[in-house]
Amino acid sequence: MQSSSATGLLSSEMSPNNWRPSSSLFFLLLLLLLQFIISSNPHPQFPCSQPHHNTLYPFCNTSLSTSTRAQSLVSLLTLNEKIQQLSNSASGIPRLGIPPYEWWSESLHGIATNGPGVSFNGSIPSATSFSQVIVTAAAFNRTLWNLIGSAIAVETRAMYNFGQAGLTFWAPNINIFRDPRWRRGQETPGEDPMVASAYAVEFVKGFQGGNWGGGSGVRNGFGGRRVLEESDGLMLSACCKHFTAYDLEMWGKYSRYSFHAVVSEQDLEDTNKISIVNGVPACADKDLLDKVREEWGFKGYITSD
């Protein structure tokens, strides 16, 4: 994904080889830090730990396919347990060895605490904060966008291992920045749809992991196998936001949590969505969901916000 675009604006100007010294030093320091703090590991809860081993529940058996494991887990849940999973703060299920999970974490330009799934009150007290997205996007550099997503992912997996972060992040923000009164334009790649889409592709690939550069085992000049291959699954899960008809955070007596938007068909094509549009809750809008699932072929999860 580092070839030139049709206009030439998004060609990579940064050779991956130029990143080797600083990147190698960064990961060496990260490993040293983990060695120093390993003794203070708070022993976070993870699913399928003893005594709930894969010999007891099929969903814990990593040799099975993802769909088989998911079907196994869902089949074991009661109706009340299923209902308790329908929010970002999912309840634990002790009888199955499943701890509580917070789906909402943020990482637009570094791991952030404005999502409840992240905490720096532990062995890892801080993380790298990169420039605001609108500044990074102005570099018009696909390699840079990918590497930032990848660096955030490595730090996040380390924090997950210490029970201080989840695996699901509501990033990147791919809204088209149309009006400064929205007050969140700095989170986005800007006003150009082509730049925003290219940024999203590179950030998500870097963030979710996988050897996108070929089978040599070397990823963007870092050396070694530092992120998961596609066949291994995701390193983390990115969630691009927001789908459609959302350019209002708070204005006067209206907020995004209670605002009922009445949107024309043209505006619906151009904006991003949250809450209720034309009388239908966004997360239950069949026309919009069919567009994503059927027309775009999207296989991931869709969440309300």
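Residues numbered from 1 in each chain as written. Predicted model: local features only at pLDDT ≥ 70, side-chain atom pairs only at ≥ 80, totals over all residues. Heavy atoms only, no water.

Asks: Looking at this structure, how should I read the overall build of the protein chain?
Replies: Assigned secondary structure in the protein chain consists of eight helices and nine strands. A total of 305 residues make up the protein chain; the buried ones form 40% of that total. A fraction of 61% describes how many contacts in the protein chain between residues 6 or more apart in sequence connect residues 24 or more apart. As displayed, the protein chain has an accessible area near 16900 Å², and 58% of this comes from carbon and sulfur atoms. (Helix = DSSP H or I, 4+ residues; strand = E, 2+ residues; numbered from the N terminus. Buried < 20%, exposed > 50% of the residue type's maximum accessible area, 1.4 Å probe, protein only. Contact = heavy atoms within 4.5 Å. Areas by Shrake-Rupley, 256 points an atom, 1.4 Å probe, with all protein chains shown as cover.)

Asks: Sorry if this is basic, but what is going on with the confidence of the model for the protein chain here?
Replies: Caution applies to low-pLDDT parts of the model: their predicted coordinates are not meant to be read in detail. Per-residue confidence for the protein chain averages 76 on the pLDDT scale, and 66% of its residues sit at or above 70. At the level of individual helices and strands, the protein chain shows its lowest average pLDDT in helix H1 (residues 20–37), which scores 53, and its highest in helix H4 (residues 133–137), which scores 96. Residue range residues 37–41 is modelled with pLDDT below 50. Its contacts to residues more than four positions away, or to other chains, number eight contacts. A low-confidence stretch, residues 213–230 stays under pLDDT 50, and its non-local contacts, those more than four residues away or across chains, total 48 contacts. (pLDDT = per-residue confidence, 0-100.)

Asks: Would you mind going over the nonpolar core with me for this structure?
Replies: If you look at soluble globular proteins, the nonpolar side chains tend to sit buried side by side. Ranked by internal contacts, the top residues of the largest apolar core, which has 28 residues, are Ile-111, Val-118, Ile-152, Met-159, Phe-169, Phe-203 and Phe-207. Of all the secondary-structure elements, those providing two or more residues to this core are H4, helix H5 (142–161) and helix H6 (193–208). Filtering out sequence-adjacent residues up to four positions away, Phe-207 remains in contact with Ser-107, Gly-149, Ser-150, Ile-152, Ala-153, Phe-169, Met-235, Leu-236, Ser-237 and Ala-238. (Core = buried A, V, L, I, M, F, W, Y, C linked by side-chain atoms within 4.5 Å.)

Asks: What exactly am I supposed to notice about the state of the cysteines here?
Replies: Note on terminology: disulfide describes a covalent bond linking the sulfur atoms of two cysteines. If you walk through the whole model with that rule in mind, you get one disulfide. Between the sulfur atoms of Cys-48 and its disulfide partner Cys-60 the distance amounts to 2.0 Å. Because the sign of the S-S torsion sets the handedness, a value of about -85 degrees for the bond joining Cys-48 and Cys-60 places this disulfide among the left-handed ones. Of the two residues, Cys-48 is situated in the loop between H1 and helix H2 (66–76) and Cys-60 in the loop between H1 and H2; the sequence distance between them amounts to twelve residues. The partly exposed category is assigned to Cys-48, whose relative accessible area is 22%. Just so you know, Cys-239 is unpaired, no disulfide at all, and the nearest cysteine sulfur is the one on Cys-240, 7.1 Å from it. Judged by relative accessible area, Cys-239 falls into the buried class, the value being 11%. (Disulfide = S-S within 2.5 Å.)

Asks: Explain the packing of aromatic side chains to me, please; I cannot follow it from the model alone.
Replies: Aromatic ring pairs: the centre-centre distance and the angle between the two ring planes describe each pair. Enumeration over the complete set of coordinates arrives at nine aromatic pairs. Look at Tyr-199 and Phe-203: their rings are 5.9 Å apart centre to centre, the planes differ by 20 degrees, and that puts the pair in the stacked class. Of the two residues, Tyr-199 and Phe-203 both sit in helix H6, four residues apart, roughly one turn of that helix. Tyr-199 gets classed as buried once you look at its relative accessible area, which sits at 2%. Ring pairs connect the aromatic residues Trp-145, Phe-169, Tyr-199, Phe-203 and Phe-207, which therefore count as one cluster. (Phe/Tyr/Trp six-rings, centres within 6.5 Å; stacked < 30°, edge-to-face > 60°.)

Asks: Got a minute to help me understand the environment of Ser-107 in this structure?
Replies: Positionally, Ser-107 belongs in the loop between strand E2 (101–102) and H4. The residues contacting Ser-107, other than those within four sequence positions of it, are Ile-152, Phe-169, Ala-171, Phe-203 and Phe-207.

Asks: Would you take a moment to explain the side chain of Glu-81 for this structure?
Replies: The topology assignment puts Glu-81 in helix H3 (residues 79–83). What Glu-81 contacts, discounting residues up to four positions off in sequence, is Leu-76, Ile-93 and Arg-95.

Asks: Please clarify how unusual backbone geometry should be interpreted in this entry.
Replies: As a rule of thumb, non-glycine residues mostly have phi less than zero, and peptide bonds are mostly trans rather than cis. With omega at 5 degrees, the peptide bond leading from Ala-171 into Pro-172 counts as cis. On the secondary structure map, Pro-172 appears in the loop between strand E3 (168–169) and H6. Of note, Cys-48 is a non-glycine position whose phi angle comes to about 65 degrees, a positive value. Of note in this structure, Phe-140 is not a glycine but carries a positive phi near 50 degrees. For Phe-140, the location among the structural elements is in the loop between H4 and H5.

Asks: Help me understand helix H8 (residues 286–295), please; the structure alone is not making it clear to me.
Replies: Given 3.6 residues to a turn, an α-helix orients residues that are three or four positions apart in the same direction. N-cap assignment for H8: the residue whose side-chain oxygen lies 3.1 Å from the backbone N of Asp-287 is Asp-285. Where H8 ends, the next residue or the one after it, Gly-297, has phi of about 70 degrees, a positive value. (Polar contact = N/O pair within 3.5 Å; in protein donor to acceptor, adjacent residues only side chain to side chain.)

Asks: Hey, could you run me through a nonpolar patch on the surface in this one?
Replies: Side chains of Phe-243, Trp-296, Phe-298 and Ile-302 sit close together on the surface and give an oily, nonpolar patch of about 390 Å² of accessible area. Here Phe-243 lies in the loop between strand E4 (237–238) and strand E5 (250–251). With relative accessibility at 31%, the residue Phe-243 sits in the partly exposed group. (Patch = residues over 30% accessible without salt bridge, like charges linked within 9 Å, V, L, I, M, F, W, Y side chains within 5 Å. Salt bridge = Lys/Arg side-chain N within 4 Å of Asp/Glu carboxyl O.)

Asks: Would you mind showing me how to read the packing of H5 against H6 here?
Replies: Each pair of packed helices can be described by the angle between their axes along with the distance between the axes. Close contact between H5 and H6 brings their axes to 7 Å; oriented N to C, the two are set at 40 degrees. Remark: the crossing between H5 and H6 carries right-handed chirality. Here Arg-142, Trp-145, Asn-146, Gly-149, Ser-150, Ile-152 and Ala-153 of H5 lie close against H6, whose contacting residues are Val-195, Ala-198, Tyr-199, Glu-202, Phe-203, Lys-205, Gly-206 and Phe-207. Residues belonging to the contact of H5 with H6 are distributed by class as follows: eight nonpolar, four polar and three charged. (Axes fitted to C-alpha atoms, helices over the stretch in contact; angles between N-to-C directions. Left-handed = near helix turned anticlockwise from the far one by under 90°. Nonpolar A, V, L, I, M, F, W, Y, C, P; charged D, E, K, R; others polar.)

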